[in-house]
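The lines below spell out each chain.
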Amino acid sequence: MMPLGQRSAVRPAPGTQGRRDHPRRPGAEHLRAAEGRSTCGRGSGGGAGDSGRPPGSGGDDLRGRRAGPQARWARERASRRSRGRAADRPAAVGTMRPGEERPVEGGACASVSELELLKLRAAECIDAAAERLGALSRAIWSAPELAYEEHQAHGVLTRFFRSEAPAGAWAVQPHYQLATAFRAEWGSPGGWAAPRPLHLGFLCEYDALPGLGHACGHNLIAEVGAAAALGVKGALESLAGLPLPVKVIVLGTPAEEDGGGKIDLIEAGAFKNLDVVFMAHPSQENAAYLPDVAEHDVTVKFYGKASHAAAYPWEGLNALDAAVLAYTNLSVLRQQLKPAWRVHGIIKNGGVKPNIIPSYSELIYYFRAPSMKELPVLTKKAEDCFRAAALATGCTVEIDSGAHDYYNVLPNKSLWKAYVENGKKLGIDFISEDAMFSGPSGSTDFGNVSFVVPGIHPYFYIGSNALNHTEQYTEAAGSQEAQFYTLRTAKALAMTALDVIFKPELLERIREDFKLKLQEEEF
């Protein structure tokens, strides 16, 4: 793979330009040219800025919280809130902040590298599609669907890519391996003499939560994945010639909240030959990485014997007693669990009538640990608690594991450092590395993806301090304010993907990080 050469000229951009939306900060100067010195013209397309929205706008299942010291994270978060998130708020359309210069806007400027111009072009393409992308997100948000039942979202997303100009640019495969999964693929023009294109994957999630709707913001995950892919495609299309072939692949991955659609797709071969994958998840902070943990879920069924609870209770075997004992056993076990381990569950079925000794009870439990190495140890301790409850009550027990375990997400430091560098150019204010590793997290089937292909799963602020999996977060995920942050995050992902394409040394480091982390997991 070779870096971007002089022979690949950037065509003038027809779309709108995204204005950076934060005070001037060190390290970002090469994305700007001083007003009056730039020879780059401003485009006239219909981007976000033309519609009155701020230009430059930019899993995990958060079913649990990660253990560990959180004081630093809490202090940093409180400090950021007290500052009013000044660095994260969009400026008024047509205004710039004190000391800020207008960014380079299309064309070619000798003072800015060709790769940086490509990144700017990617951002412009995302701005130009802002209205369509917002409509895509709202359509998914307004009709929430549960895992494996996302038929409306599947239709919205596949129609979106099929309708992108020019006609037929994206090869779309609906119902790809799963009824509500899809694959959309675009190949770069030129450079096909190379033996194999570089395959970059962008992942979309779109399932909702029962009773809450999109309280984890998966409508925004779908939008981020689609937007970033459009940005990379648009940037590469602006080149007169490409020194290497690239394929941009968008995968629609259903059932993150329950079941693990990405794991189904891994087993079906959907991630085979992908070189790097990208996605981003809504949160309360901007974090390049969070240590999402491994998770194993079980359904536990106790079988007893029914009897009249008043006349002859001694003839019965109380399955509800077994469930209560199991719940109590696990609560007592917590004293001996490691700080980062998590056990949480519910009693789903406890009988039908007070005067009947329950003959059946059912519990659902999740077990979480920082790594797949620790998870079986925790699972064994919990299962002993279930069996002990059955023995004490005379019941029998059946322990059924979920279809898939969710793996912990492997960090790829080279990749997320590149993402942070690009995000800062767009004004994203990231939490510190210390805060990343001490803050709360949950579990996601992206963890399994991170064991088969290098990838990044950052988190992004959406304009609200509401917590995921709450009614307030559902409202925030559907708000207009969330659009600015969502599209800004998509730009950072697209810019990072361009780094991967045109910096072969970065791709090599990403691959080395991936191999090293797999070795550390001994998995």
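Small disclaimer: the values here were computed from a predicted structure and weren't measured.

A. Local environment of the pairing of strand 4 (residues 246–252). With 6 of its 7 residues buried, strand 4 lies for the most part within the structure. By the bridge criterion, 7 bridges tie strand 3 (residues 198–204) to strand 4 in an arrangement that is parallel. Following the sheet pairing, L200 is matched in strand 4 by V248. Handedness of the strand 3-helix 5 (residues 218–237)-strand 4 crossover: right-handed.

B. Main features of the sheet that holds strand 7 (residues 294–303). Read across the sheet, 4 strands follow the order 8-9-7-10 without closing on themselves; strand pairing throughout is antiparallel. Single-partner strands in this sheet number two, and they are strand 8 (342–349) and strand 10 (396–401). This sheet shows a mean twist of 20° between the axes of neighbouring strands, independent of strand direction. Across 10 bridges, strand 7 lies against strand 9 (residues 360–369) in antiparallel orientation. Following the sheet pairing, V300 is matched in strand 9 by L363. Its contacts with the sheet put helix 7 (residues 319–333) on strand 7, strand 8 and strand 9, and the angle it makes with strand 9 is roughly 15°.

C. Local environment of the pairing of strand 9. Most of strand 9 sits inside the fold, with 8 of its 10 residues counted as buried. With 7 bridges joining them, strand 8 and strand 9 adopt antiparallel strand pairing. Looking at strand 9, one finds that I347 is bridged to L363.

D. Main features of the sheet that holds strand 1 (residues 171–174). Strand order in the open sheet formed by 6 strands is 1-2-4-3-5-11, with mixed pairing between adjacent strands. Single-partner strands in this sheet number two, and they are strand 1 and strand 11 (455–456). The pairing of strand 2 (residues 182–187) with strand 4 spans 6 bridges and is classified as antiparallel. Of the residues in strand 4, the one forming a bridge with R183 is L251. Sheet strands in contact with helix 5 are strand 2, strand 3 and strand 4, and its direction is about 150° off that of strand 3.

E. Structural context of the pattern of salt bridges. In total, this model carries 20 salt bridges according to the counting rule given. A salt bridge links D127 to K491, with the nearest nitrogen and oxygen atoms 2.9 Å apart. With D127 in helix 2 (residues 114–128) and K491 in helix 13 (residues 481–502), this pair connects stretches of sequence that are 364 residues apart. Since its relative accessible area comes to 1%, D127 is described here as buried. Here E433 and K413 are joined by a salt bridge, their closest N and O atoms 3.3 Å apart. Of this pair, E433 sits in helix 10 (residues 433–438) while K413 sits in helix 9 (residues 413–425), and the two are 20 residues apart along the sequence. Owing to a relative accessible area of 36%, E433 belongs among the partly exposed residues under this scheme. Within the structure, one salt-bridge network assembled from shared partners comprises E116, K119, K425, D499 and K503.

Thresholds applied
Residues numbered from 1 in each chain as written. Predicted model: local features only at pLDDT ≥ 70, side-chain atom pairs only at ≥ 80, totals over all residues. Heavy atoms only, no water. Buried < 20%, exposed > 50% of the residue type's maximum accessible area, 1.4 Å probe, protein only. Helix = DSSP H or I, 4+ residues; strand = E, 2+ residues; numbered from the N terminus. Pairing = 2+ DSSP bridges. Right-handed = clockwise from strand over helix to strand, strands pointing away. Axes fitted to C-alpha atoms, helices over the stretch in contact; angles between N-to-C directions. Contact = heavy atoms within 4.5 Å. Salt bridge = Lys/Arg side-chain N within 4 Å of Asp/Glu carboxyl O.

Purely spatial values, then, with no claim about function.
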